[in-house]
Amino acid sequence: MTTLYLDRSGTLLEASGEVLGLRDAAGRLERRIPIKFLERVIIRARCHLDSSTLACLSAHEVPVLILDGRAGRRLSHWVGAPHNDARRRWGQLLTLATPSSAATLARAFVHAKIRRQRRTLISIGAARPDLRKPLWDACQTLQAIEQRLRNDPALGCVPSFL
């Protein structure tokens, strides 16, 4: 699942069956995006979409968040009809109510964040050879933190699904 982030003024978003078409200000088709892969749509510029596109996103349970272009404040949040929303929230509450489950989830988030930070640093290092040494040092630090997460019994083990 992913987020479609619209931040160019004049962009047109149109639904056609199970696919969203993304057109530039001149009307040229830039991209086709299958709706089933979308988790949300965030609009932060002057974009155009019609009610049938909103209805299609709603039918696929894809929320649309509209932000102020300058401050990034939430102006509107369009959410379709909830489907199993109460059941999902109840499951989340039960997970967080159990300390061991909450700790496992927190460790999973921290582990994933460290892994993604290392990946970002490596890609920056490939683009910026002049910064390789400090980026490599930062990667080593993150790797040590990741090892501590894996090995320290007080922190518990990282879940196997990572």
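Residues numbered from 1 in each chain as written. Predicted model: local features only at pLDDT ≥ 70, side-chain atom pairs only at ≥ 80, totals over all residues. Heavy atoms only, no water.

A. Layout of the pattern of salt bridges. Evaluated as defined, the whole model comprises 7 salt bridges. The partner of Arg 23 in a salt bridge is Glu 14, with the nearest N and O atoms 2.5 Å apart. Owing to a relative accessible area of 24%, Arg 23 belongs among the partly exposed residues under this scheme. Here Arg 28 and Asp 24 are joined by a salt bridge, their closest N and O atoms 3.0 Å apart. For Arg 28, a relative accessible area of 55% gives the class exposed. With a relative accessible area of 14%, Asp 24 lands in the buried category. (Salt bridge = Lys/Arg side-chain N within 4 Å of Asp/Glu carboxyl O. Buried < 20%, exposed > 50% of the residue type's maximum accessible area, 1.4 Å probe, protein only.)

B. Layout of the sheet that holds strand β5 (residues 38–43). Ordered by their spatial adjacency, 4 strands build an open sheet running β1-β5-β6-β7, and the pairing between neighbours is mixed. Lying at the two open borders of the sheet, with one neighbouring strand each, are β1 (2–6) and β7 (74–78). Strand after strand, the sheet turns through a mean of 15° between neighbouring axes, direction not considered. Looking at chain direction, β5 and strand β6 (residues 64–67) are connected through 3 bridges and run parallel. Across the sheet, the residue bridging to Ile 43 is Ile 66, located in β6. (Pairing = 2+ DSSP bridges. Helix = DSSP H or I, 4+ residues; strand = E, 2+ residues; numbered from the N terminus. Axes fitted to C-alpha atoms, helices over the stretch in contact; angles between N-to-C directions.)

C. Inspection of the nonpolar core at higher detail. Grouped together as the largest cluster of nonpolar side chains are 15 residues, with contacts concentrated most on Leu 4, Leu 6, Leu 13, Leu 20, Leu 38 and Val 41. Counting residues per element, the ones that place at least two in this core are β1, β3 (19–23), β5 and α1 (51–59). Top contributing element to this core by residue count: β5, with 3 residues. When sequence neighbours within four positions are dropped, the list of residues in contact with Leu 6 reads Thr 11, Leu 13, Leu 22, Val 41, Ile 42, Ile 43, Arg 44, Ala 45 and Cys 47. Listed in part, the 6 residues of the second largest apolar core include Ile 114, Leu 135, Cys 139 and Leu 149. (Core = buried A, V, L, I, M, F, W, Y, C linked by side-chain atoms within 4.5 Å. Contact = heavy atoms within 4.5 Å.)

D. Structural view of the sheet that holds strand β2 (residues 12–16). Here 3 strands make up an open sheet; going across it, the order is β2-β3-β4 and the pairing antiparallel. Each of the sheet's edge strands pairs with one partner strand only, and the pair in question is β2 and β4 (29–34). Averaged over all pairs of adjacent strands, the angle between their axes in this sheet comes to 25°, without regard to strand direction. Where β3 lies against β4, 5 bridges are found, and the strand directions are antiparallel. Within β4, the residue paired with Leu 22 across the bridge is Arg 31. Sheet strands touched by α1: β2 and β3. Its angle to β2, the strand with the most contacts, is close to 60°.

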